[in-house]
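A closer look at the structure
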Amino acid sequence: MGKTLVIVGSSWGDEGKGKFVDYYAQKADIISRVAGGSNAGHTLSIDNVEYKLRLVPSGILCKDKLCVIGNGVVVDPKVLLEEMDSLSERGIDVSKIRLSNRAHVVLPYHQLLDNLSEKSRGDKKIGTTGRGISPCYIDKSDRIGIRVCDFIDKEEFAAKLKIALEQKNIILQKVYNHKPLNYEEILNEYNGYADRLRPYVCDTITLLNEELDAGKKILFEGAQATMLDIDYGTYPYVTASHPVAGGVCVGAGIAPKKIDTVIGVVKAYTTRVGEGPFPTEQLNEIGERLRTEGHEFGTVTGRPRRTGWLDACVVKYAGQISGIDYLGVTKMDIFDTFDEIKMCVAYKLDGKIINEIPASLKVFAKVEPVYETFEGWKCDTSKIRKYEDLPANAKKYLERMAEVTGTKIGIISVGPNRDQTIVVDENIF
């Protein structure tokens, strides 16, 4: 039996998962993406060259690695091909990509309905990326979605598209007063995409399990994060899938007992995009400083992220849900010039400490973060490569993070480049 490693986000996403996915991809034989769609983005910096990925697993930047897009992903063929073409133009071999025949396809009406629905909400908007992800998952649940296996079969695609588009055009016209979409135009355009993607399509469930049985090492790459999970996040300001460790079993077809190790990625501070409660948010100079120095702007959308002190309560919650074995801490270097740093170690509600993340957003919006203050280390950590060489105050901050969350520190990032990494435990994968 081989070995598996799952990397998940421990807050509201954008924790820098791509950095550690890239690091551990070098040790893996296969890297698999299991949920979400082109609404997720990973930014990687290798030898000071930046790569931005949306659908293609981050392992594509490592030579001779199989990169699997699992059945739980919703795939926009146009975006996937644009990404593959862009990588090819930069000398990256995309021949090792495999696309699940059970993944669902994002089509033009999904994106249009996503944007029209969001616009209709006015002040109550969710904050979606407008990439059509949620409408595609809705169709999946409503059993009118189009899977890749049907998409690459011209007869099946033509028949299923006709049925789906007739329904969507009624909604476009009657609900949103929008002109209908043209069936022939979509069919012709997307048949062209299907022709190009057909060679990459396979039964990825059989592929992953056979490779694991053969002793291969598989890295499962998370998208989004715990607090954006459709069940466990700040609903309704969430994504439409399960970006927790359990989502790997569903999104890749891997049995729970085959998951060996889970890393929960946590930024040294906390950020989120979109609407909803954010207890440690700093709407002040600190928040602006974190945004500027941390380059906190979305990979896919470019929109500025909301910023605040580290919320260790949320990270502890993520650990409970995903069984996180190690924390992977990113952007420690952003605090190098701070005089003092704060960490939320508990919540108060109506003057009493609570030991949960409230399900009700009305209640969650009322919680008061309990902070502990740490002295800054006031030195450059970007060139440090061993944990013992970190300044004492940085280690105090990390040790308290581990204590509050109940999870040991496994790996630390002190800069965007692949080599700016401190491995605390060499036996993770």
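The preceding data block contains the structure.
Residues numbered from 1 in each chain as written. Predicted model: local features only at pLDDT ≥ 70, side-chain atom pairs only at ≥ 80, totals over all residues. Heavy atoms only, no water.

**Some thoughts on the pairing of strand β11 (residues 261-267)**
Of all seven residues in β11, seven are buried, a share of seventy percent or more. The side-chain alternation of β11 yields two buried faces, one formed by Thr261, Ile263, Val265 and Lys267 and the other by Val262, Gly264 and Val266. When strand β1 (residues 3-9) meets β11, the two strands line up parallel, connected through five bridges. Considered in β11, the bridge of valine 6 is made with valine 262. Where β11 and strand β15 (residues 326-330) come together, five bridges link them in parallel fashion. (Buried < 20%, exposed > 50% of the residue type's maximum accessible area, 1.4 Å probe, protein only. Helix = DSSP H or I, 4+ residues; strand = E, 2+ residues; numbered from the N terminus. Pairing = 2+ DSSP bridges.)

**So, the side chain of aspartate 150**
Its location among the elements puts aspartate 150 in helix α5 (residues 148-151). The buried charged residue aspartate 150 lacks any salt bridge, with lysine 160 as its nearest oppositely charged partner at 4.3 Å. Once residues lying within four places of it in the same chain are set aside, the contact partners of aspartate 150 are Glu156, Phe157 and Lys160. (Lys, Arg positive; Asp, Glu negative; His and termini not counted. Salt bridge = Lys/Arg side-chain N within 4 Å of Asp/Glu carboxyl O. Contact = heavy atoms within 4.5 Å.)

**A word on the packing of helix α2 (residues 77-89) against helix α7 (residues 183-197)**
Interaxial distance between α2 and α7 falls to 10 Å at its minimum, and their mutual angle equals 50°. As far as their axial angle goes, α7 and α2 are oblique. In this structure, α2 meets α7 at a crossing whose hand is left-handed. On α7, the residues that touch Pro77, Lys78, Leu80, Leu81, Met84 and Asp85 of α2 are Glu189, Tyr190, Tyr193, Arg196 and Leu197. Counted by class, the contact of α2 with α7 contains seven nonpolar, no polar and four charged residues. (Axes fitted to C-alpha atoms, helices over the stretch in contact; angles between N-to-C directions. Parallel < 35°, antiparallel > 145°, perpendicular 65-115°, else oblique. Left-handed = near helix turned anticlockwise from the far one by under 90°. Nonpolar A, V, L, I, M, F, W, Y, C, P; charged D, E, K, R; others polar.)

**Side note on the pattern of salt bridges**
Tallied over the full model, the rule gives 21 salt bridges. Put simply, arginine 305 and glutamate 296 hold a salt bridge, and the shortest N to O gap is 2.7 Å. The class of glutamate 296 is buried, set by a relative accessible area of 0%. Note that lysine 383 and aspartate 380 form a salt bridge whose closest N and O atoms lie 3.4 Å from each other.

**Some points on the packing of helix α3 (residues 108-120) against helix α6 (residues 154-174)**
Relative orientation of the contacting elements α3 and α6 amounts to 20°, with a least axis distance of 11 Å. Comparing the axis directions of α3 and α6 gives the class roughly parallel. The two elements α3 and α6 cross, and the hand of that crossing is left-handed. Across the interface between the two elements, Tyr109, Leu112, Leu113 and Leu116 of α3 pack against Leu161, Ala164, Leu165, Lys168, Ile171 and Leu172 of α6. Taken together, the residues of the contact of α3 with α6 sort by class into nine nonpolar, no polar and one charged.

**A short note on the sheet that holds strand β2 (residues 30-33)**
The strand order β9-β7-β5-β2-β10-β1-β11-β15-β19-β20 describes an open sheet built from ten strands, whose pairing is mixed. Two strands close off the open sheet at either side, each with one partner strand: β9 (201-202) and β20 (421-423). Bridge analysis of strand β7 (residues 97-100) against β9 gives two bridges, and the strand direction is parallel. Counted as the bridge partner of leucine 99 is valine 201 from β9. On top of the sheet, helix α1 (residues 17-25) reaches β1, β2, β10 (217-221), β11, β15, β19 (408-413) and β20; it is set at about 165° to β1, its chief contact. Relative to strand β5 (residues 66-69), helix α8 (residues 204-213) is tilted by about 140°, and along the sheet it contacts β1, β2, β5, β7, β9 and β10.

**What about the pairing of β10?**
Of all five residues that make up β10, four are buried, and the element is covered over most of its length. Relative to β10, β1 runs parallel, the two sharing five bridges. In the sheet register, isoleucine 7 faces β10, and the bridge partner there is glutamate 221. Across four bridges, β2 lies against β10 in parallel orientation. Across the sheet, arginine 33 pairs through a bridge with glutamate 221, a residue of β10.

**A few points about the layout of surface pockets**
In this model, the second largest pocket occupies a volume close to 230 Å³. Surrounding the second largest pocket, 14 residues form its lining, Cys313, Lys316, Ile354, Asn355 and Glu356 being those nearest its centre. Those elements that provide at least two residues to the lining of the second largest pocket are α11 (312-322), β16 (340-349) and β17 (352-354). Sorting elements by how many residues they give to the lining of the second largest pocket places α11 first, with five residues. Class assignment for the residues of the lining of the second largest pocket results in ten nonpolar, two polar and two charged. (1 Å grid on protein atoms, 1.4 Å probe; cavity = no way out; pocket = protein on both sides within 12 Å on 5 of 7 lines; lining within 4 Å. Points joined across faces, edges and corners; volume = space filled by probe spheres on them.)

**Observations regarding the nonpolar core**
Met332, Phe335, Tyr397, Met401 and Ile412 are the most contacted members of the largest nonpolar core, which has 54 residues in total. It is helix α13 (residues 392-405) that contributes the most residues to this core, six residues altogether. Those residues within four positions of methionine 401 in sequence are excluded, and the remaining contacts are Val266, Leu310, Leu327, Val329, Met343 and Ile409. The next biggest cluster of nonpolar side chains, apart from the first, holds 42 residues, and it includes Ile60, Leu99, Phe151 and Val201. (Core = buried A, V, L, I, M, F, W, Y, C linked by side-chain atoms within 4.5 Å.)

**Thoughts on the packing of aromatic side chains**
Aromatic ring pairs are defined here through the distance separating the ring centres and the angle between the ring planes. Inspection of every chain in the model, using the stated rule, returns 14 aromatic pairs. Taking 5.9 Å as the distance between ring centres and 70° as the angle between the ring planes, the aromatic pair formed by tyrosine 269 and phenylalanine 335 counts as edge-to-face. One end of the pair, tyrosine 269, is in the loop between β11 and β12 (270-272); the other, phenylalanine 335, is in the loop between β15 and β16, and 66 residues separate them in sequence. Tyrosine 269 sits in the buried class, given a relative accessible area of 1%. Since its relative accessible area comes to 0%, phenylalanine 335 is described here as buried. The interplanar angle of 80° and the centroid separation of 5.0 Å between the aromatic rings of phenylalanine 335 and phenylalanine 338 together place this pair among those described as edge-to-face. Residue classification places phenylalanine 338 among the buried residues on the basis of a relative accessible area of 1%. Clustering of aromatic rings is evident, with ring pairs tying together Tyr269, Trp309, Phe335, Phe338, Phe374, Trp377 and Tyr397. Over the face of the ring belonging to tyrosine 183 we find lysine 162, whose NZ or CZ atom lies 4.9 Å from the ring centre. (Phe/Tyr/Trp six-rings, centres within 6.5 Å; stacked < 30°, edge-to-face > 60°. Lys NZ or Arg CZ within 6 Å of the ring centre and 35° of its normal.)

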